[in-house]
Amino acid sequence: MSQPRGDASLIWAVRGLAVASGGIVLLIVAFLALEAIPALREVGLRRFFTDASWHPADGADRGAFNLVPMVAGTLTVATGAVLIATPLGIASALFCRFYAPGALGRAYRRLVELLAGIPSVVYGFWGLVVLTPLIRQWQPPGQSLLAGILILTVMILPTVALLSESSLRSIPAAYLRGATALGLSRWATIRGVALPAARSGIFTAVILATGRAVGETMAVLMVMGNIVQVPGSVFDPVRTLTANIALEMGYAMEVHRSALFVTGLMLMAIVVVLVAANARLGREGRRA
Amino acid sequence: MRDAPAPAVPSLPRGGTDWADRAVTAAVWSVALLFTGVFLWIVGDLVRHGLPHLSWGFLTDAPMDAGRAGGIAPILVSTFLIVGVCLAVSLPLGVGTAVFLAEFSRGESLPARLVRGSLDVLAGVPSIVFGLFGNALFSLYLGMGFSILSGGLTLACMVLPILIRSTEEGLRAVPDDYRKAAAALGLSRTATLWRILLPAATPGLVVGLVLGIGRALSETAALLFTSGYVARMPGSLLDSGRSLTVHIYDLAMNVPGGEANAYATAVVLVTLLLVINMLTFQIADRWLHRRITRT
């Protein structure tokens, strides 16, 4: 069959567009690396973990570039939020799928979708004006690791809930009928049949939520107080890697600016690891 | 597209008498109640504090006194311009890529796998990293400075994966019979694409569009260092322009006494997101309906 002449140009056009879309990630990594090189060369990766403090504005020689407090901040707030949001999100998915009567389940799902659509800056604002004053009454100063964990939990819960729910929905009906025929109770069916069958989808949900928690900027920036310190308790103010970029990009010059791009590369590396883990889980899920 | 028809699945037995079953039932219901409570708390708080400050003037006036008084007219304009730039760039890129993935490549071929993999990574990139990238590439390297153009282009990179995924799903949902019938009629693939596949895949495209607009409207961190903070009415796409989200952030964090207007702006933003969502779904439904009944 001969190809009409117009088709060749169409094929090349869509190929070109696909290459452009696929190339954006490379472009991002390239530009982050390009901007990070001065800091990596003049400061070196080691000093980002061994320096005494974070005073990057004084130049490569006299400044200090310790990122450990920010890394600790990011890890603790993300871990805390994921640990709370995972069981709550799965419970919420179970409610939608197995516990709520039909119409209520649909209404509840719509509500979760609405929560998922609220912009992070609105969550941050709400956290700043409502949540942190409440925590301040209990344990000053209010802007704290705890506030960050709570706000992030609310933000990633819809991700866990919606993805887990769609994974539960795709379980073959025969599994559930079989369990019912065996006389299993509702909880026994969920624990023994539904959750194991939906396992890989739920893992994916948790991984995506982790990525969102690590990368979230505005909400944590607004509720966590942004003091550079390794948190001693959940009531301490903390600064995350993302908040650090948002706070300092506005005035950072030279090595300082370059150091912020190093943290951008670190965040990028975390994302790549999470996506790779997810892809691997997906392959194993298909094989099982 | 909105609600997949529920599969015919038996509902599970209403729970037995043993204590574990009862405890889990109670726990699941209380989580749902807690979640609903938090939702009502957040939305109720926004409405209660935001609505009293809303008026027609708020939408048509320029901000005064660093945003404490006045309205948000230039900020609305900047926001729409940023989203417009974002869509103008991401739509052709996204639709083209989706057509490539769905129609002109085999799923397991290396180019398709590479594009898909890189889009997966792109979808997970934190928004602040997009901000760094946009600042380095568009603002500095390409010399656009802090401008609506830089911000819009940065957001275009960001919404691309969402747009591509749902357009691709829309194309895959078109029955193969359409393609075979078009081939049997001797239509070129170009004609098949423009006349049959893309119109039939419109619901997917529209859903992607809505999700993309939603993401673009909600974004803050990627805009801080690309489109900037300037709250004046933009004269061109090369002017800096403040988005609604950046306005909320600035009022909440940097302007003592800016809370009232931050609340009002948040209500405007959330309402905008809701309205766009509902409108577009309706249009998609009607459009698709007419299309099918006519052919």
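Rules used in this analysis
- Residues numbered from 1 in each chain as written.
- Chains lettered and ligands numbered in written order.
- Predicted model: local features only at pLDDT ≥ 70, side-chain atom pairs only at ≥ 80, totals over all residues.
- Heavy atoms only, no water.
- Helix = DSSP H or I, 4+ residues; strand = E, 2+ residues; numbered from the N terminus.
- Buried < 20%, exposed > 50% of the residue type's maximum accessible area, 1.4 Å probe, protein only.
- Contact = heavy atoms within 4.5 Å.
- Areas by Shrake-Rupley, 256 points an atom, 1.4 Å probe, with all protein chains shown as cover.
- Phe/Tyr/Trp six-rings, centres within 6.5 Å; stacked < 30°, edge-to-face > 60°.
- Lys NZ or Arg CZ within 6 Å of the ring centre and 35° of its normal.
- Core = buried A, V, L, I, M, F, W, Y, C linked by side-chain atoms within 4.5 Å.
- Domains from an automatic or database assignment.
- Buried area = accessible area lost by both parts, 1.4 Å probe.
- Salt bridge = Lys/Arg side-chain N within 4 Å of Asp/Glu carboxyl O.
- Polar contact = N/O pair within 3.5 Å; in protein donor to acceptor, adjacent residues only side chain to side chain.

Looking at the overall build of chain A
Looking only at helices and strands, chain A has 13 helices and 2 strands in total. By its C-alpha atoms, chain A is 75 × 75 × 30 Å across when sized along the principal axes. Each of the 288 residues in chain A was classed as buried or not, and the buried ones make up 55%. Counted over contacts in chain A with a minimum sequence separation of 6, partners at least 24 positions apart contribute 69%. Carbon and sulfur atoms provide 64% of the accessible area of chain A, an area that totals close to 12300 Å².

Brief notes about the packing of aromatic side chains
The full count for this structure, using the stated rule, is 11 aromatic pairs over all chains. A centroid spacing of 6.4 Å and a plane angle of 90° characterise the contact between Trp54 of chain A and Phe65 of chain A, whose relative ring orientation is edge-to-face. With Trp54 of chain A in strand E1 (residues 54-55) and Phe65 of chain A in strand E2 (residues 64-65), this residue pair connects regions lying 11 residues apart in the sequence. Of the two residues, Trp54 of chain A and Phe65 of chain A, neither departs from the other in class, the shared state being buried. Considering the side-chain rings of Tyr108 of chain A and Phe35 of chain B, the 6.3 Å spacing of their centres and the 50° angle between planes classify their relative orientation as tilted. One end of the pair, Tyr108 of chain A, is in helix H5 (residues 102-117); the other, Phe35 of chain B, is in helix H1 (residues 19-50), on a second chain. Taken together, the ring pairs connect Phe31 of chain A together with Phe133, Phe138 and Tyr141 of chain B into an aromatic cluster. One residue, Arg15 of chain A, lies across the ring of Trp12 of chain A, its end atom 4.8 Å from the ring centre.

A short note on the nonpolar core
With 181 residues, the main nonpolar core has Ile28 and Phe98 of chain A as its most contacted residues. Taken domain by domain, the makeup of this core includes at least three residues from each of domain 1 (26-66 + 249-288) and domain 2 (73-240) of chain A. For Ile28 of chain A, the residues in contact, after removing those within four places along its chain, are Met268 of chain A together with Leu122, Val129, Phe130 and Phe133 of chain B.

A few points about the domain arrangement of chain A
Residues and elements named next belong to chain A. Entries for chain A in the domain assignment read domain 1 (26-66 + 249-288) and domain 2 (73-240). Relative to domain 2, the C-alpha centre of domain 1 lies at a distance of 27 Å. Contacts between the two partners involve 8 residues from domain 1, matched on the other side by 10 residues from domain 2. Both sides of the domain 1 and domain 2 interface together cover about 740 Å² of buried area, and 80% of this is carbon and sulfur. Among the residues of domain 1 in contact with domain 2, Leu274, Asn278 and Leu281 are the three that bury the most area, contributing 57% of the side total. Put simply, domain 1 and domain 2 have 0 salt bridges between them. Linking domain 1 with domain 2 are 1 residue pair in polar contact (both at pLDDT 80 or more). Per element, the largest residue contribution to the side of domain 1 that touches domain 2 is 7 residues, and it comes from helix H13 (residues 254-287).

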